[in-house]
Amino acid sequence: MGSPFVSDVPAAQALAAWREARVAAGCPGRVDVVRVPVGEAVGRVSAEPVWAVRSSPAFDASAMDGIAVRSADTVGAAETTPVVLGCDDFEVVDTGDPLPPGCDAVVMREHVHRTADGGAELRAAVPPYQHVRSIGEDISATELLLPEGHRLRPVDVAACAAAGAFELAVRRVPLVVVVPTGDEIRPPAADLAPGDIPDTNSLMLAAQAREIGCAATVTDIVPDDPELIRAVLDEAAARADLVLLIAGSSAGRDDHTARVVARAGSVAVHGVAVRPGHPVVLGTTGATPVIGVPGYPVSAALTFDIFAAPLLAELVGAAPPERPTATARLARKLPSAIGMDDWVRVRLGRVGDQVVATPLPRGAGVLTSLVRADGLLVVPSGVEGHHAGETVRVDLLRGLREIDRTIVAIGSHDLVLDLAASALRAADPLCTLASSNVGSLGGLVALRDGLCHIAGSHLLDPATGEYTLPYVDRLLGADVAVVRLVHRTQGLLVRQGNPLGLKDISDLTGEGVRYVNRQRGAGTRALLDHELARAAIDPDRIQGYAREEHTHLAVAAAVAAGRADTGLGILAAARAFDLDFVPVAEEPYDLVLRTEDLDNPQLSPLWTLLDRADFRVRVESLGGYSCAETGKRIR
Ligand SMILES: Nc1nc2c(c(=O)[nH]1)N[C@H]1C(S)=C(S)[C@@H](COP(=O)(O)OP(=O)(O)OC[C@H]3O[C@@H](n4cnc5c(N)ncnc54)[C@H](O)[C@@H]3O)O[C@H]1N2
Ligand code: MOO
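Please read all numbers here as calculations on a predicted model, not as lab measurements.

1. What about the overall build of the protein chain?
A count of helical and extended segments in the protein chain gives 16 helices and 35 strands. Over its C-alpha atoms the protein chain spans a radius of gyration of 34 Å, topping by over 25% the 26 Å that the globule rule assigns to 635 residues. Based on the C-alpha atoms only, the size of the protein chain along its principal axes is roughly 110 × 70 × 45 Å. The proportion of buried residues among the 635 residues of the protein chain is 44%. A fraction of 76% describes how many contacts in the protein chain between residues 6 or more apart in sequence connect residues 24 or more apart.

Below you can see the structure in the form of structure tokens.
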């Protein structure tokens, strides 16, 4: 963690040091003020207070359709003693009309009985100013409408226009210049040679800047050459309010960012106690702030949130962006290294009366962990992680209403769950199925502990040859229902053409066959052990039996990359990596849940989906699946 090159400055201290450095370098505290027509001001930040120059309404106005009257004329009117006004004693008005001179109240049409000779009969007395919007009710000329430093919303510009402010003083839109660097970086749509990386960070960082009301441009990709990077940095700094220099922030041979920024200006901080984002560089070039953004995508995204967004808000004099928070119970143990603020991406869903947070993969390169995240959880540097079931505070990336409608599935992963998640969302934009993979046994434990709605399981009990039910009995007892999702074929994933000619499980002990296994507790692991026991094969004779991967796809990836010759998995995983498939066994994959949840409206869209013929057709067309018992309750 501690590196000889990169320091571990706490985030708050790093922000303070960078601010001091910006002041010392003469960086502007605010961008300039410009005047824009009120219609173009939404999203901008007011640079001066807005004072009303006229009132709204500008006259006493009728608030209803009806008749304008003198209230004094109606005194004494009642059901039994109606008052009849002659046609000269009232005037017909519509909503918004100026109140006629002499009148001080309005009676709604519904309460007026017109007489044959054009008069108006009233059966209730009318208080002065009934149904009248008096002058200045909304805005009075000379009042303060909006303070400085207010980000203008549609309602604000409407109020400004009502108050006669047609041109507003706002802050200029800050310009962020993004500079991608790296010999291996290519434009996103380019054909990629081995080792090439598409420049996804520039796209993301520019969009993050625009999302908070800034302008952004991206320079050409700069090779790992300090002179070239320096030249582009100088040019960018001359026009930008903030330069984001991507990658090269850490300690590698081609990591020049810190040195280039130091030479071009100054480095205030190199390395913060935040992960992902650790090797960030905070500095200045001339009078322009520069951030050396770490190259890993999650690091880049979080670096923007933690360091760039507050500065950009400050430049326009607005409050820094803030996310709503909620408390949640952790679905899994969450270890965390001491000494670093650990930003963990989580999925959220409501189980019973609590929101449950399931941590997503932690790697700084796993961008999909942010794509799928409903929330962010910071494990502070002084805390060594959390236990499963602990209550934590999370920043919300999605609305609570959606989170309340999320079906939480924990357990073994299957592609059919992904297909179901997509179909559920297509049928109802508020419905989410969030599944996370901890293996079949882990799912049953999570269900026992009230941390999910559904545990996906395909656990074979070697003693009985039965799937899932014996484990349910042992772990969960009564009040548990089991619904069949699919039958699926498990088989040996092998490279195209099956070069080692594997035919069945007994071939795994063959000379030079390198196997890759699944983790303990995974149903696929149990299936292998069962098949080995049936064939009286000692697992020790299989080379690679102790090598564990956590998903079907990870096993397929290991075979595709040549790191192993075979592993047990599903056909869909073989297809995803263009592998061949040697069928070994058909197994049921079941959904385990609490009986009471069978009637939980949160889950009902799933049962409806499993009944749909078109969904079953799509599942079977994946290959290796049978829907003959899909949706059937087997317990
Ligand atoms: N010996 C050490 N190695 C590393 C350390 C360390 O402290 N000591 N820190 C690690 C951490 S933490 C991070 S984060 C990364 C930061 O890396 P750099 O900022 O130096 O970036 P690169 O090494 O050039 O690239 C990392 C990774 O990101 C990809 N990348 C770069 N630019 C882009 C882009 N525009 N779009 C998409 N992806 C991009 C790049 O190809 C690499 O795969 O360093 C660790 N190492
Ligand atoms: O700090 Mo790095 O950003 O963890 O990957």
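2. Structural notes on the environment of A446
Assignment of secondary structure puts A446 in helix α10 (residues 439–448). Its 26 C-beta neighbours within 10 Å are what place A446 among the buried residues. Leave out the neighbours within four places in its chain, and A446 touches A331, I410, V438, L451, C452 and A455.

3. Comments concerning the pairing of strand β20 (residues 281–285)
Within β20, 5 of the 5 residues are buried, which leaves the element mostly enclosed by the surrounding structure. Alternating residues of β20 divide into V281, G283 and T285 and L282 and T284, and every residue in both groups is buried. Sheet analysis places strand β18 (residues 265–270) next to β20, joined by 5 bridges and oriented antiparallel. Bridged to H270 within β20 is V281. Two elements, β20 and strand β21 (residues 288–293), share 5 bridges in a ladder whose sense is antiparallel. Its bridge partner lying in β21, G283 is registered against V290.

4. Brief notes about the sheet that holds strand β8 (residues 112–114)
Judged by pairing direction, the sheet is antiparallel, and its 3 strands sit side by side in the order β5-β9-β8 without closing on themselves. With partners counted over all chains shown, the strands left at the sheet margins are β5 (83–85) and β8, one partner each. With direction set aside, neighbouring strand axes in the sheet form an average angle of 30°. Summarising the sheet, β5 and strand β9 (residues 120–122) pair through 3 bridges and their orientation is antiparallel. When the bridges of β9 are listed, L85 appears paired with A120.

5. Some words on the site of ligand 2
What surrounds ligand 2 is the set R275, P276, G277, H278, P294, Y296, S299 and A364. Residues of the shell around ligand 2, tallied by class, amount to 4 nonpolar, 3 polar and 1 charged.

6. Some words on the sheet that holds strand β4 (residues 66–69)
The antiparallel open sheet is built from 3 strands, whose spatial order is β6-β4-β7. A strand with exactly one partner marks an edge of an open sheet, and here the two such strands are β6 (91–93) and β7 (105–108). Taken pair by pair, the neighbouring strands of this sheet meet at an average axis angle of 40°, ignoring direction. Pairing of β4 with β7, which is carried by 4 bridges, proceeds in the antiparallel orientation. The partner of G66 across the bridge, within β7, is M108.

7. A short note on the UniProt feature "domain: MoaB/Mog" (unreviewed entry) in the protein chain
In the numbering used here, UniProt assigns the "domain: MoaB/Mog" (unreviewed entry) feature to residues 177–314. Annotated as residues 177–314, this span is 38% helix and 26% strand, and its ends, taken at the C-alpha atoms, are 17 Å apart.

8. Some details on the site of ligand 1
Around ligand 1 lies a shell of 28 residues, among which N201, A247, S249, S250 and G295 are the nearest. At the level of elements, α3 (200–211) and α6 (297–315) are the ones that each hand at least two residues to the shell around ligand 1. Among the elements that line the shell around ligand 1, the one with the most residues is α3, at 3 residues. The residue inventory of the shell around ligand 1, partitioned by class, reads 13 nonpolar, 12 polar and 3 charged.

9. Some thoughts on the environment of L233
Its place among the elements puts L233 in helix α4 (residues 226–239). Sequence-wise, L233 and V261 are 28 residues apart; in three dimensions their C-alpha atoms are separated by 8.3 Å. Dropping the residues within four chain positions of it, L233 is found in contact with V179, V243, L245, V260, A264 and T285.

10. Regarding the domain arrangement of the protein chain
According to the domain assignment, the protein chain contains domain 1 (11–30 + 173–315), domain 2 (33–56 + 138–171), domain 3 (61–133) and domain 4 (439–626). Between domain 2 and domain 3, the C-alpha centre-to-centre distance is 38 Å.

11. A short note on the packing of α4 against helix α5 (residues 257–264)
Helix-helix packing is described using two parameters, namely the angle between the two axes and the distance between the axes. Two elements in contact, α4 and α5, have axes whose closest approach is 10 Å; the angle formed by their N-to-C orientations is 55°. Taken as axis vectors, α4 and α5 run oblique relative to one another. Judged by the twist between their axes, the crossing of α4 over α5 is right-handed. Only R259, V260, R263 and A264 of α5 make contact with α4, whose side of the interface consists of P226, I229, R230, L233 and D234. Tallied by class, residues from the contact of α4 with α5 come to 5 nonpolar, no polar and 4 charged.

12. What about the nonpolar core?
Counting 161 residues, the largest nonpolar core has V179, V243, L244 and C452 as the members making the most contacts within it. Among the elements that take part in this core, α6 stands out by supplying 11 residues, more than any other. Contact partners of C452, with chain neighbours within four places excluded, come to A331, V351, V356, V408, A409, I410, G443, A446 and L447. Formed by 18 residues, the second largest nonpolar core is a distinct cluster that contains V69, V83, L99 and V106.

13. Regarding the packing of helix α9 (residues 415–427) against helix α15 (residues 604–611)
Packing of α9 against α15 brings their axes to within 10 Å, and their N-to-C directions diverge by 105°. By the angle between their axes, α9 is roughly perpendicular relative to α15. Here A420, A423, L424 and A427 of α9 lie close against α15, whose contacting residues are P605, L606 and L609. Here the contact of α9 with α15 is composed, by residue class, of 7 nonpolar, no polar and no charged.

Calculation rules
- Residues numbered from 1 in each chain as written.
- Chains lettered and ligands numbered in written order.
- Predicted model: local features only at pLDDT ≥ 70, side-chain atom pairs only at ≥ 80, totals over all residues.
- Helix = DSSP H or I, 4+ residues; strand = E, 2+ residues; numbered from the N terminus.
- Rg over C-alpha atoms; globule rule 2.2 N^0.38 Å.
- Buried ≥ 20, exposed ≤ 12 C-beta atoms within 10 Å, placed from the backbone.
- Contact = placed C-beta atoms within 7 Å.
- Pairing = 2+ DSSP bridges.
- Axes fitted to C-alpha atoms, helices over the stretch in contact; angles between N-to-C directions.
- Near = placed C-beta within 6 Å.
- Nonpolar A, V, L, I, M, F, W, Y, C, P; charged D, E, K, R; others polar.
- UniProt positions renumbered as here; feature names shortened; annotations may be inferred.
- Domains from an automatic or database assignment.
- Parallel < 35°, antiparallel > 145°, perpendicular 65-115°, else oblique.
- Left-handed = near helix turned anticlockwise from the far one by under 90°.
- Core = buried A, V, L, I, M, F, W, Y, C linked by C-beta atoms within 7 Å.

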